[in-house]
Amino acid sequence: MSINNVEIPYGAYWSTPFTKWQGSLQYLHSMKFAAHVAKQELAKREIDPLIFDSGVLGMTINQYQSFNGAPWALYDIGAIRTPGHAVNQVCATSARALFAASSEVMCGMAKVSLLMSADRCSNGPQIYYPNPKGMGGYGQSEAQVTYNMMNDPMGGHSMMQTGENVAKRFDITREELDAVTLRRYEQYQEALKDDQAFQKRFMTLPLSVPTANFKKEETVLTGDEGVFPTTAEGLAKLKPIMEGGVITFGNQTHPADGNAAIIICHSDQAQALSTRPEIKIEVLGFGQARDDLAYMPAAPIEAAQRALKMANLDIQQIDAIKTHNPFAVNDVALAKALNIDVMTMNNYGCSLIWGHPQGPTGLRAIIEMIEELAIRGGGYGLFTGCAAGDTGMAAIIKVSER
């Protein structure tokens, strides 16, 4: 099955800077902040929120009253009659949500859909589950973010253990991981050149950050917050976190906060919503996969292969690859499995460097991939990333002239 007549209008997308754990965005309700940013970005593009006949919210970490899902965020931006739903596939949420929005457009349920993705890893919720039959009536509590990173419900292992398992499967060395990490940091520096010219293609900078009640300005962000300066010498000094392992605090990502959004529409709506109507951005295919228990970073490999098959493409036809890479292991394993150059992936940035707010992580990567393809004059792009439950999602995008 192929995807037809689904486009992303050029420029009809945005991302906030991503900020470090317990940083400048830690007090903001992630759904309300995503709507706050979306309202401003739509106004800049002179897009009436009433044009949306569907909406998707990609979010993984509970916020106060997030039970209400997408309709609340849509109402806040002025799309008061627009239906919508929420999607959660943890770190693969953005790709899954893009699939959901694209599917609605393709099957005629929507002409123009707004996909908003948001998460705040900081100050994660502490959830209590009552148990009337428990000793003394006590139930069970859960730190939603930190506990689940460390305790897989099926195998009891941590996320880091999955990275170590995949490193062993592909005979990946510590030296390979550090070399890729340094390369990713260098690629990110390209996005900062000329007064952050690349990032300003899709990011409002400086960004005014509101107070928790959204009534005043709390601070101003001039870019991503929490990016660690990286050198070969600094990486080499770090000890593996697990005894006998290859993953360090240097060659893995960090938790973050932020949001990103993108408009998906039928092809006959794209030019009117685009800031450059001569550029065509097509959604061509998706793939999903699940690997063995505790081998999460390997799942994107099969997901990518399935997405390529849906789009009727070969990996050699892909001009830009972006990954969600919580560990440098992800990129090395993907490159070895698909026989591609690991050093040419993730130009201009990736989650290994700018952090991981879960829900919006993949969407920012896809936006950056679109801009990379636009700069090079077009081509095919592959995004792929892993998620909890040893799953992976992938998407294929084509940028061309009309």
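Before reading on, note that the structure itself is shown above.
**Q** Please explain the packing of aromatic side chains as it appears in this structure.
**A** Each aromatic ring pair is characterised by the separation of its centres together with the angle its planes make. Evaluation of the coordinates by the stated rule reveals 5 aromatic pairs. Plain terms: the ring middles of Tyr-10 and Tyr-13 are 6.1 Å apart, the flat faces sit at 85° to each other, and that makes the pair edge-to-face. Pair check on accessibility: Tyr-10 and Tyr-13 agree, each one buried. Ring plane angle 80° and centroid distance 5.9 Å describe the contact between Phe-198 and Phe-202, whose orientation is recorded as edge-to-face. The exposure class assigned to Phe-198 is buried, which follows from its relative accessible area of 4%.

**Q** Teacher, can you tell me more about the packing of helix 6 (residues 174-196) against helix 10 (residues 328-338) here?
**A** Axis angle and axis distance: for two packed helices, these are the angle between their axes and the distance between the axes, and together they describe the pair. Remark: helix 6 packs on helix 10, axes separated minimally by 9 Å, with the N-to-C direction vectors making an angle of 105°. Relative to helix 10, the element helix 6 lies roughly perpendicular. Mapping the contact onto sequence places Glu-176, Leu-177, Val-180, Thr-181 and Arg-184 in helix 6 and Ala-328, Val-329, Asp-331, Val-332 and Lys-336 in helix 10. Here the residues of the contact of helix 6 with helix 10 are counted per class, giving 5 nonpolar, 1 polar and 4 charged.

**Q** Whenever I open this one, the pattern of salt bridges confuses me. Can you help?
**A** Think of it this way: side chains of opposite charge can pair up when their charged atoms draw near. Applying the stated rule across the entire model yields 19 salt bridges. Residue Glu-41 pairs with Arg-45 through a salt bridge whose shortest N-O separation is 2.7 Å. Counted as one network, the salt bridges with shared partners bring together Asp-224, Lys-322, Arg-364 and Glu-368.

**Q** Would you explain helix 5 (residues 159-169) in this entry?
**A** Because an α-helix completes one turn every 3.6 residues, residues spaced three or four positions apart along the sequence face the same direction. Counting buried positions along helix 5 yields 8 of 11 residues, so the element is predominantly enclosed. Listed as buried for helix 5 are Met-159, Met-160, Thr-162, Gly-163, Glu-164, Asn-165, Val-166 and Ala-167. Those residues of helix 5 that are buried lie in contact with helix 4 (144-150) and helix 10.

Cut-offs and rules
- Residues numbered from 1 in each chain as written.
- Predicted model: local features only at pLDDT ≥ 70, side-chain atom pairs only at ≥ 80, totals over all residues.
- Heavy atoms only, no water.
- Phe/Tyr/Trp six-rings, centres within 6.5 Å; stacked < 30°, edge-to-face > 60°.
- Buried < 20%, exposed > 50% of the residue type's maximum accessible area, 1.4 Å probe, protein only.
- Axes fitted to C-alpha atoms, helices over the stretch in contact; angles between N-to-C directions.
- Helix = DSSP H or I, 4+ residues; strand = E, 2+ residues; numbered from the N terminus.
- Parallel < 35°, antiparallel > 145°, perpendicular 65-115°, else oblique.
- Contact = heavy atoms within 4.5 Å.
- Nonpolar A, V, L, I, M, F, W, Y, C, P; charged D, E, K, R; others polar.
- Salt bridge = Lys/Arg side-chain N within 4 Å of Asp/Glu carboxyl O.

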